[in-house]
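Residues per chain are reported as follows:
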Amino acid sequence: MFHRLALLLAAAIALFGAVIHFVAPLFGPGWYAFFGAPPQVVASAAAGSWLAPVSTLAIGGLMLLAGLYAFSAAGVMRRLPLTGAALWVLAVLCTLRGFILVPAWLWAPQLLTTFEVVAALVWLVAGLGYIAGVLAARRPLQLA
């Protein structure tokens, strides 16, 4: 039961991230800047070039896929191909995104914004949700 709730939380985090990325092109450069996009992406949004919307929609698509895999593993939807491998990859990526706080805090604490800290912690929680899914998948009949 815990693994299912953890996967649903990971799915919610990933889907929220996807929505933020999908609507970013509609809200313009300020939105990109607020959510910590690299300066070249913010400049692209201001200039109306393709880098900002294409990269943002691609990242949003990956987050949507991450959410769908979490839903799949939690039994909310049909099983997607390579769910076990996807859970491993997502567990590693999300957890690493969370732990990036440690070297950042040690070597460049002046670059840490409140948003960066919150985002890293949220992705760490998602990573732990995917880890719970990986661990549950090792036990037969625990995941749908």
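Let us look at the structure shown here. Being a predicted model, the structure only gives us computed values, none of them experimental.

Procedures and definitions
- Starting afresh in each chain, residues are numbered from 1 along the sequence in its written order.
- Local features in a predicted model are, by the rule used here, given only for residues with pLDDT of at least 70; side-chain atom pairs are given and counted only at 80 or more, and totals for whole chains, interfaces and linings are based on all residues.
- The side-chain numbers reported here are obtained from all heavy atoms of the structure, hydrogens and water having been left aside.
- Secondary structure elements are defined from DSSP: runs of H or I of at least 4 residues count as helices, runs of E of at least 2 residues count as strands, and each element is numbered from the N terminus.
- Here, two residues are considered to be in contact whenever any of their heavy atoms come within 4.5 Å of each other.
- One less than the number of residues in a helix, times 1.5 Å, gives the span that helix is expected to have.
- Each residue's exposure class comes from its accessible area (1.4 Å probe, protein chains only) as a fraction of the maximum for that residue type: buried when under 20%, exposed when over 50%, partly exposed otherwise.
- Working note: the arc is built from the helix axis to C-beta atom directions.

Here we take up the environment of I13. By the secondary structure assignment, I13 is in helix α1 (residues 2–27). Considering only alpha carbons, one finds I13 and A66, 53 residues apart in sequence, at a separation of 9.5 Å. For I13, the residues in contact, after removing those within four places along its chain, are V122, W123, V125 and A126.

Another aspect to go through is helix α5 (residues 83–99). Helical geometry note: an α-helix holds 3.6 residues per turn, so side chains three or four residues apart project in the same direction. Under the 1.5 Å per step criterion, the end-to-end length of α5 is 24 Å for 17 residues, consistent within 8% with the ideal 24 Å. All of the buried residues along α5 are T83, A86, L87, L90, A91, C94, T95 and G98. All buried residues of α5 fall inside an arc of 145° around its axis, so they share one side. Exposed side of α5, more than 90 degrees from the buried face: W88, L93 and L96 are the residues found there. Buried residues in α5 make contact with α1, α4 (51–74), α6 (101–107) and α7 (114–137).

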